[in-house]
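Analysis of the macromolecular model
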Amino acid sequence: MDWSLMFEKRVMVFGCGNILRGDDGLGPAVVNMLEEQGGLPDDVGLLDIGTSIRQVLLDMLLMDPKPKRIIVVDAVTEPSRNAGEFWEIDVDMMSPKKIKDFSLHQFPSVNLLKDIKEQTGTDVHILVVQTGYIPEEITDQLTPEVTEALPKVAARVRELCLLP
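First, a word on what this report is: a plain description of the structure on this page.

Points about the overall build of the protein chain
Check the secondary structure of the protein chain and you find 5 helices and 5 strands. Expected size for 164 residues packed as a compact globule is a radius of gyration near 15 Å; at 15 Å, the protein chain falls within 12% of this value. Taking the principal axes of its C-alpha atoms as reference, the protein chain extends roughly 40 × 40 × 25 Å. Per-residue burial for the protein chain yields a buried fraction of 49% across its 164 residues. With an accessible surface of roughly 8100 Å², the protein chain has 52% of that area assigned to carbon and sulfur atoms. With 16 positive and 27 negative side-chain charges, the protein chain shows a spacing of 7 Å between the two charge centroids.

Laid out in structure tokens, this is it:
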């Protein structure tokens, strides 16, 4: 994994999640799908960052240059949503109370995303899918609902990568 991509690419896609915890591995699965499909511009970087988004964003906040757009892909557990449901979270619309409700791997990362956006003008997108099941035991299998959402999420990421 080439972390220096964060400082060389116009667009960075971060796939968040633990691939050994079922649906939590959604973000890395989307990055893997995009890598297999290919066809993204050379100025787009794809990184499976596991559960280390906070550290990555802190490094990004402190170093230059920064990408023009950041796309974060992750699984969430939101009781009012259906398994496999896919939506985008507007980082500007998240209240401090809501930040604690989401998991984006210790979602204080949203504060770092807000700081990056406000201080640098970087365009930030957070794409999430509702988990179906996060197992207690180790498994690399996504539920059928989350697996079905993968192509839709990958298509949205691709669309965002192609925007100027």
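A closer look at unusual backbone geometry
Omega for the bond connecting aspartate 64 with proline 65 falls within 30 degrees of zero, at -5°, which places this linkage in the cis form. Mapped onto the elements, proline 65 comes out in the loop between α2 (53-62) and β3 (69-76).

Considering the environment of valine 11
Along the chain, valine 11 falls in strand β1 (residues 11-16). Residue valine 11 is classed as buried on the basis of its relative accessible area, which comes to 0%. Separated by 41 residues in sequence, valine 11 and serine 52 place their C-alpha atoms 19 Å apart. In this structure valine 11 touches Asp43, Val44, Gly45, Pro67, Arg69, Ile71 and Cys161, once residues within four positions along its chain are discounted.

Some words on α2
All buried positions along α2 are accounted for by Ile53, Val56, Leu57, Met60 and Leu61. Within α2, the buried residues cover an arc of 135° as seen down the axis, which keeps them to one side. Residues of α2 that are exposed and point over 90 degrees away from its buried face: Gln55 and Leu62.

Structural notes on the side chain of threonine 131
Within the fold, threonine 131 resides in the loop between β5 (123-130) and α5 (144-162). Exposure remark for threonine 131: the relative accessible area of 8% places this residue in the buried category. Within polar-contact distance, the side chain of threonine 131 engages the side chain of threonine 77 at 3.1 Å. Not counting chain neighbours up to four residues away, the residues in contact with threonine 131 comprise Asp23, Ala75, Val76, Thr77, Ala83 and Val146.

About the thresholds
Residues numbered from 1 in each chain as written. Predicted model: local features only at pLDDT ≥ 70, side-chain atom pairs only at ≥ 80, totals over all residues. Heavy atoms only, no water. Helix = DSSP H or I, 4+ residues; strand = E, 2+ residues; numbered from the N terminus. Rg over C-alpha atoms; globule rule 2.2 N^0.38 Å. Buried < 20%, exposed > 50% of the residue type's maximum accessible area, 1.4 Å probe, protein only. Areas by Shrake-Rupley, 256 points an atom, 1.4 Å probe, with all protein chains shown as cover. Lys, Arg positive; Asp, Glu negative; His and termini not counted. Charge placed at Lys NZ, Arg CZ, Asp CG, Glu CD. Contact = heavy atoms within 4.5 Å. Arc of directions from axis to C-beta. Polar contact = N/O pair within 3.5 Å; in protein donor to acceptor, adjacent residues only side chain to side chain.

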